[in-house]
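Here's the letter readout for the chains.
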Amino acid sequence: MSSRLVGKFPEYRPRRLRRTPVLRQMLAETDLRPHHLILPLFVRTGSGLRKPISSMPGVFQLSVDEAVKEAQAAYNAGVPAVLLFGIPETKDEHATGAFDPKGSVQEATRALKKALPRLVVITDVCLCEYMSHGHCGIVETRANSTEILNDPTLEILGRAAASHVQAGADIVAPSDMMDGRIRAIRQALDSRGFTEAPIISYAAKFASAFYGPFREAAESAPQFGDRRSYQMHGANALEALREVAMDIEEGADMVMVKPALAYLDILWRVKSEFGYPTVAYAVSAEYSMIQAAAERGWIDRKGVLLESHYAMRRAGADLIITYAARDLAQWLSAQTP
Ligand code: PBG
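**Q** What is the right way to read the site of the ligand from this model?
**A** Taken together, 18 residues are adjacent to the ligand, and Arg-215, Arg-227, Lys-258, Ser-284 and Tyr-323 come closest. Measuring from an oxygen atom of the ligand, one finds a side-chain N or O atom of Tyr-323 at 2.6 Å. When the ligand is considered free in solution it has 400 Å² of accessible area, and contact with the protein chains removes 100% of it. The class makeup of the residues in the shell around the ligand is ten nonpolar, three polar and five charged.

**Q** Where do I start with the nonpolar core in this structure?
**A** One broad rule of soluble globular proteins: the nonpolar side chains tend to lie buried together. The biggest cluster of nonpolar side chains holds 107 residues, and the ones touching the most others in it are Phe-42 and Leu-189. It is helix H5 (residues 150-167) that contributes the most residues to this core, seven residues altogether. Once you skip the residues sitting within four places of it in the chain, Phe-42 turns out to touch Ile-53, Val-59, Phe-60, Gln-61, Leu-62, Phe-85, Ile-87, Phe-214, Ala-217, Ala-218 and Tyr-323.

**Q** Looking at this structure, I do not really get the packing of helix H10 (residues 284-295) against helix H11 (residues 301-314). What am I missing?
**A** How two helices pack is summed up by the angle between their axes together with the distance between the axes. The interhelical angle for the contact between H10 and H11, taken along N-to-C directions, is 155°, at an axis separation of 9 Å. As far as their axial angle goes, H11 and H10 are roughly antiparallel. Read as a crossing pair, H10 and H11 show a hand that is right-handed. Residues Glu-286, Tyr-287, Ile-290, Gln-291 and Ala-294 of H10 touch H11, and the partners they reach there are Arg-301, Val-304, Leu-305, Ser-308 and Met-312. Each residue belonging to the contact of H10 with H11 can be placed in one class, and the counts come to six nonpolar, two polar and two charged.

**Q** What am I meant to see in the pairing of strand S6 (residues 138-141) here?
**A** Taken residue by residue, a regular strand's side chains alternate between the two faces of the sheet. Examined bridge by bridge, S6 and strand S7 (residues 146-149) share four bridges and lie antiparallel to one another. The residue of S7 that forms the bridge with Val-139 is Ile-148. Between the antiparallel neighbours S6 and S7 lie four residues.

**Q** Sorry if this is basic, but what is going on with unusual backbone geometry here?
**A** Glycine aside, the phi torsion of most residues is negative, and most peptide linkages are trans. For the bond from Lys-258 to Pro-259, the omega torsion is -10°, close enough to zero to count as cis. Residue position: Pro-259 is located in the loop between strand S10 (254-258) and helix H9 (264-274). If you check the backbone angles, Met-177 has positive phi at about 70° while not being a glycine. Mapping Met-177 onto the fold places it in the loop between strand S8 (171-174) and helix H6 (181-191). Residues other than glycine seldom take positive phi values, yet Glu-219 does so here, at roughly 50°. For Glu-219, the location among the structural elements is in the loop between helix H7 (212-217) and helix H8 (238-250). Relative accessible area serves as the criterion here: at 31%, Glu-219 is assigned to the partly exposed category.

**Q** Can you help me understand the layout of surface pockets in this one?
**A** The method is simple in principle: a probe with the dimensions of a water molecule rolls over the atoms, and the space it marks as empty is what remains. Its boundaries defined by the atoms lining it, the second largest pocket holds a volume of some 240 Å³. Lining of the second largest pocket is provided by 14 residues; of these, Leu-39, Gly-58, Glu-70, Tyr-323 and Arg-326 occupy positions nearest its centre. For the lining of the second largest pocket, the elements supplying multiple residues, two or more each, are strand S1 (37-44), strand S3 (60-63) and helix H12 (325-334). Considering each element in turn, the lining of the second largest pocket owes the most residues, three residues, to S1. Residue composition of the lining of the second largest pocket, grouped by class: nine nonpolar, one polar and four charged.

**Q** Looking at this model, I keep getting lost on a nonpolar patch on the surface. Mind explaining?
**A** A contiguous nonpolar patch, built from Val-22, Met-26 and Leu-27 and spanning about 280 Å² of accessible area, is present on the exposed surface. Mapping Val-22 onto the fold places it in helix H2 (residues 21-26). Judged by its relative accessible area of 39%, Val-22 falls in the partly exposed class.

**Q** What is the right way to read the packing of aromatic side chains from this model?
**A** Taken as a whole, this structure holds eight aromatic pairs when the rule is applied. Consider the rings of Tyr-202 and Tyr-281, whose centres lie 6.2 Å apart with planes at 50°: the pair is tilted. One end of the pair, Tyr-202, is in strand S9 (residues 200-205); the other, Tyr-281, is in strand S11 (residues 278-282), and 79 residues separate them in sequence. Note on accessibility: Tyr-202 and Tyr-281 belong to one class, buried. Ring pairing ties together the aromatic residues Phe-42, Phe-85, Tyr-202, Phe-214, Tyr-281, Tyr-287 and Tyr-323, which thus form one cluster. Looking at Lys-258, its charged tip hangs above the ring of Tyr-211, at a distance of 4.5 Å from the centre. Above the ring of Trp-298, the side-chain terminus of Arg-296 is found at 5.5 Å from the ring centroid.

Reading guide: rules and limits
Just so you know, the residues in each chain are numbered from 1, in the order the chain's sequence is written. For a predicted model such as this one, the threshold for reporting local features is a pLDDT of at least 70, and the threshold for listing and counting side-chain atom pairs is 80 or more; totals across whole chains, interfaces and linings nevertheless cover every residue. As a rule here, side-chain values come from all non-hydrogen atoms in the structure, and water together with hydrogens is ignored. When at least one non-hydrogen atom of a residue lies within 4 Å of a molecule or strand, that residue is treated as near it. Any pair of nitrogen or oxygen atoms within 3.5 Å is treated as a polar contact; in protein, a donor-acceptor pairing is required on top of that, and neighbouring residues in sequence qualify only through side-chain atoms on both sides. Working definition of accessibility: Shrake-Rupley area with a 1.4 Å probe, residue cover restricted to the visible protein chains. Charged residues are taken to be Asp, Glu, Lys and Arg, nonpolar residues to be Ala, Val, Leu, Ile, Met, Phe, Trp, Tyr, Cys and Pro, and polar residues to be all remaining types, Gly included. Joining through side-chain atoms within 4.5 Å is the link that ties buried Ala, Val, Leu, Ile, Met, Phe, Trp, Tyr and Cys residues into a set, and such a set is a nonpolar core. Only protein chains enter the accessibility calculation, which uses a 1.4 Å probe. A residue is then buried if its area is under 20% of the maximum for its type, exposed if over 50%, and partly exposed in between. Numbering goes from the N terminus for both helices and strands, where a helix is a DSSP run of H or I of at least four residues and a strand is a run of E of at least two. Contacts between residues were defined by any pair of non-hydrogen atoms, one from each residue, lying within 4.5 Å. Between the N-to-C directions of two axes lies an angle of 0 to 180 degrees, each axis being a line fitted to C-alpha atoms and, for a helix, fitted only over the stretch in contact. Just so you know how the angles are binned, under 35 degrees is roughly parallel, over 145 roughly antiparallel, 65 to 115 roughly perpendicular, and the rest oblique. Helix crossings fall into two classes, left-handed where the near helix is turned counterclockwise from the far one by less than a right angle and right-handed where it is turned clockwise. In this description, strands pair whenever DSSP reports at least two bridges between them. A pocket, in this scheme, is an open set of points on a 1 Å grid over the protein atoms alone with protein on both sides within 12 Å along at least 5 of 7 lines, while a cavity is a set where a 1.4 Å probe fits but cannot get out; residues line either one if an atom lies within 4 Å of a point. Grid points are joined across faces, edges and corners, and a volume is the space filled by probe spheres set on the points. Patches in this entry comprise residues that are over 30% relatively accessible and not in a salt bridge; like charges within 9 Å are linked, as are nonpolar side chains (Val, Leu, Ile, Met, Phe, Trp, Tyr) within 5 Å. Think of a salt bridge as a Lys or Arg side-chain nitrogen and an Asp or Glu carboxyl oxygen that are within 4 Å of each other. By convention, a stacked pair of Phe, Tyr or Trp rings (six-membered ring in the case of Trp) has centres within 6.5 Å and planes under 30 degrees apart, an edge-to-face pair has planes over 60 apart, and any other such pair is tilted. Placement of a charge over a ring requires the Lys NZ or Arg CZ to be within 6 Å of the ring centre, with the centre-to-atom vector within 35 degrees of the ring normal.

What follows is the structure in structure tokens.
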């Protein structure tokens, strides 16, 4: 800004501000507060389970009772929302576990809303965790190729989303990237009377190596092939804008960009282009890389986490889904000028 001003007003001389801690805070252009954060949780049925995920130190697969404790701790630190991923006991080729009323996400949703009625429960709607082959849609095997069937998948996604809302979910977040899914899910919800349940669309979701640790956590690695036929190529920005436009058109209430740090330009463009409520997902490897370097003493974990989450807010994220939500919230609420 100063260079533009200097050109326009030759007499303008920026004064050097002494950035005392209080001024630093008073003049911050971007704020990062606990209420901007959403904590992802990996839930299983049963009780007393807290299974570490080796590639994500500090993150666990949790049984429903443990998930309630984890959510409570985050909530006490000021994190208002969680995002649930379910791990079913059995998988098949039709993802029947995804809409099972006794499934892990449905059970966890009920328990969380009972224990913490004001906690915002967001559920991930996708089929990869429930499919024996680990893909996000129905797979058809032809003579020498396999295809993901877009349209038959939509119906299952709609049923899954409805079963989450039926269990008490406040918001559903479809992450499958099938075409037309936002409209299909909106219709599935509306036709069952869930007209008030909002949808966060994973609108700009890139086919990314940064999802690696997540697939260990959610046990959802594809057994063959990859997700490049339905997730976006990292070279494309305009395509991301088109995806977002389509999802808004189909009825998305918030849009997401994912991963976050490697796609800050997309975040900025999505926010400036649409001015829509925009969510960034700091995905698993973004977390794991910071954990790994911090464990070796190579970086200052707190400093790097705060700085990178400020970057997401600066780039346009209204909300940030992050595995570090609880720590960040604790640091941020302890901050005094
Ligand atoms: C499911 C899904 C994935 C993530 C969120 N929802 C994995 C994938 O697409 O393979 C990744 C989140 C993360 O890496 O933290 N489709």
